[in-house]
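# Coordinates in review
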Amino acid sequence: MKSKVKERLPQLDLFRAFAIFCVIQVHASSFAAGWQALDSSAFYFYNWMNIFFRIGTSSFIFLSSFVLFYNYYDKPVSKSLIGRFYKKRLTYIILPYLLVSFCYFLVAVWIQRDFLDHSVTELLQLLGIKLLTGSAYTHLYFIFINIQFYILFPLLLWLIQSLGKSRVAVAWILPAGLAIQWAFFFWNKYQLELPNKGSYAPSYMSFYMLGAVLAIYFDKIKGWLTTGWKQATRLQKVFTLSLWGSWLIMAFFDVQLYYGFRKKLYLPDTTTFELVWNIHLLLSAVVLLKGAFLLYRKGSAFWVKAMTRLGQLSFAIYLFHPFVLLIYRKFRNRLAGEDFSLAYFFFIIGGSVCALVLSWVFVQFCFKRLPFASWFLGNVPDSLKKKKKKMLPGQEDHSSTPTVNVNM
C-alpha cells in the first residue's frame, strides 16, 4: 500500500477546544444537576448544562480514531510502524495516565482517610485495581478507554486495510461498529451487569468507527467542510440543515429525558437512554467537526489563535481540571443548599470559569517552565517548545530531542 503525505489539519485543534470546553461544563454542573439543586428554580438550566454539553468525551474518542486512521490508513502495517505507534502512546499517554492516576489516588485516599483503615499492602492492591480499571478518579476512565483502543488499533487498521481498495466496503465498518456497541449493551444489560459499562471500549465502538470512516473518506467530505454556505451546492445545504436540525432535536430530547428522570416525573428504560445518547453524541461529533472548520474559516485571528492554543492544551487540561474543581468546591461545597439563591448559580458558573482558566494557566506554565511536565501532562505543544538557537557553521545542537505529535 503506497503511503502519501497527509495535509495538516489545524482545524482539529479547534475541535479539541470545543470538546474540552464541553467536558468542563459537564463536570462543573455535575453536583448541581445530580442532587444539590433538584428543587431549584434554575434546575432546568443546570440539567441542560450537564446534558447538552456531555458530548465532549465521546467527541474526543471520535477524534482519536479520526486522527489515527487519517494518518495511518495509507501506511502498510509493519513491525516498525507498530513499534513507533506504541512508543508514542507509552510516552505521552500511558505514562501521564499512570502518574496522574497515582496522584489522584493519593488525593482521594487522603480526603477519605482510607489510609487509616487499610494496610500498605491493601492500599497498593487498591491502587492496582484503580489503574487497571481507569477508576482512580472520575474522569480518568476516558484515558483508560483510549488505551484499550490503542491496543486494538493495529489489528483494526490491518482488518480495515484488508477490505481492499474498494472504499465502498469500508463504509460498512460504521454499521459494524454500531452492531458491536449495541451487542455489548444488551449483553451487559441482560447478563454481565457491569456497573461501569462506560469504561470499556465496546461502549464507544460506533464513535471509533465513525472517526475511521470520515478519515478514510476525508477527501470526499473535505469540500463540504471547507465550503461556505453561499458557495455550497444544494445537496451540501440540505445535508448541513439536516445535520444541525437533527442534532438540536436530539439534544433537546436528551436534556428532557434526563430532566424528567431526575425530577422523578418518569422512569425511561435504559435502552431509551442509550439510544438517545448514542444518536445525540454521534451527531455532535460531526457538528463539532463542521464547526471547527467554520471557525477556522470565519473566526477572527484572535479567537482562532486562542482556541487553537486551548485545543493544543486540551489533554493536559483534561487531566488537571478536576483538581481545580475539587479545591474550588471546598470553599463552599453546598452554597445556599436550601434556598438555591442567585449566589449558587454564580458559584456553578464560577466553577466552570475557574476550571477552564486556572487549568489553562497552570498547564501552560508547566509546559514552559518544567522540563518534566510531559511526564504528567502529555506531549508539549509545538507552539510552547523552545525555539532552536541559530548555530554557527560547524556547531552542533545537542540540547533538544526529536518531538512527535501524539495524535499522529
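Use the structure listed above.
Let us look at the structure shown here.

What counts, and where the lines are drawn
- Residues numbered from 1 in each chain as written.
- Predicted model: local features only at pLDDT ≥ 70, side-chain atom pairs only at ≥ 80, totals over all residues.
- Heavy atoms only, no water.
- Core = buried A, V, L, I, M, F, W, Y, C linked by side-chain atoms within 4.5 Å.
- Buried < 20%, exposed > 50% of the residue type's maximum accessible area, 1.4 Å probe, protein only.
- Contact = heavy atoms within 4.5 Å.
- Helix = DSSP H or I, 4+ residues; strand = E, 2+ residues; numbered from the N terminus.
- Polar contact = N/O pair within 3.5 Å; in protein donor to acceptor, adjacent residues only side chain to side chain.
- Salt bridge = Lys/Arg side-chain N within 4 Å of Asp/Glu carboxyl O.
- Patch = residues over 30% accessible without salt bridge, like charges linked within 9 Å, V, L, I, M, F, W, Y side chains within 5 Å.
- Areas by Shrake-Rupley, 256 points an atom, 1.4 Å probe, with all protein chains shown as cover.

A word on the nonpolar core. In this structure, Phe62, Phe66, Phe69, Leu140, Ile143 and Tyr208 are the most contacted members of the largest nonpolar core, which totals 117 residues. In contact with Phe66, not counting residues within four places along its chain, are Leu9, Leu12, Gly211, Leu214, Ala215 and Phe218.

Note on placement: Thr308 falls in helix H13 (residues 301–312). Within the structure, Thr308 has its side chain in polar contact with the backbone oxygen of Val304 (distance 2.6 Å). Aside from chain neighbours lying at most four places away, what touches Thr308 is Asp13 and Leu14.

Let us look at the pattern of salt bridges. For the structure shown, the criterion picks out six salt bridges. Taking the shortest distance from any N to any O, the salt bridge between Asp254 and Arg54 comes out at 2.8 Å. With Asp254 in helix H11 (residues 234–262) and Arg54 in the loop between helix H2 (43–52) and helix H3 (56–72), the pair connects residues that are 200 residues apart, well separated along the chain. In the salt-bridge network here, residues are joined through shared partners; they are Arg8, Asp13 and Arg16.

Together, Tyr44, Ile249, Phe252 and Phe253 give the surface a local cluster of nonpolar side chains, amounting to about 400 Å² of exposed area. Sorting elements by how many residues they give to the nonpolar patch places H11 first, with three residues. Note that Tyr44 resides in helix H2.

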